[in-house]
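Understanding the architecture of this molecule
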Amino acid sequence: ICQRFAKSPTRYTDLNDATDEDSFWMERVEYFDLNSTPIPSPTSRSLPLFVLQGAFFPQGVTYLNVFEMKYRTMMFDVANSDDMFGYIHSNSQTGEIASIGTLCKVTDRQLLEDGRQYISLEGVSRFRVTKILKTLPYILAEVEPN
């Protein structure tokens, strides 16, 4: 699967070229309030977040070219646990992250000689961010799965 990505990478649309379909969901994004007080829950878990400007949905399948050092570190940590992470939208103008994201499972990874990774992933379910636990080297959040 990752071989397919390497031969024909997915073209990501520039947000300035957004179509009506793209703006439909972007206008309805609810952003996470950093000042909110989380409600404790027995089903919450900590989850590393991969912050992107696009959206990804449960039951979807996509590929990522992991090249930033913070995300390389995150993928190493994810590979040593349950291969799960959160894919979440970020507003490019304000830097705010959405309050709802998609819980993803890494299904395949290809390590490259220069340290980058091609990963394939599938959307498992949605989650709601309840608290940001840390921001370095990558964002780790407490989330409530839906």
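Structure: above.
Not measured: the values here are computed from a predicted model.

The next point concerns unusual backbone geometry. Cis peptide bonds are those with omega within 30 degrees of zero, and the linkage from Leu136 to Pro137 qualifies with 0°. Assignment of secondary structure puts Pro137 in the loop between strand E5 (117-134) and strand E6 (140-145). Positive phi outside glycine occurs at Gln59, with the angle close to 70°. Residue placement: Gln59 occurs in the loop between strand E1 (45-52) and strand E2 (61-66). By relative accessible area, which is 65% here, Gln59 ends up exposed. Positive phi is not limited to glycine here, since Asp83 has a value of about 60°. Looking at the element boundaries, Asp83 is found in the loop between helix H3 (69-79) and strand E3 (84-89). For Asp83, a relative accessible area of 18% corresponds to the buried category.

Rules behind the numbers
Residues numbered from 1 in each chain as written. Predicted model: local features only at pLDDT ≥ 70, side-chain atom pairs only at ≥ 80, totals over all residues. Heavy atoms only, no water. Helix = DSSP H or I, 4+ residues; strand = E, 2+ residues; numbered from the N terminus. Buried < 20%, exposed > 50% of the residue type's maximum accessible area, 1.4 Å probe, protein only.

Everything listed is a geometric property; what it means functionally is a separate question.
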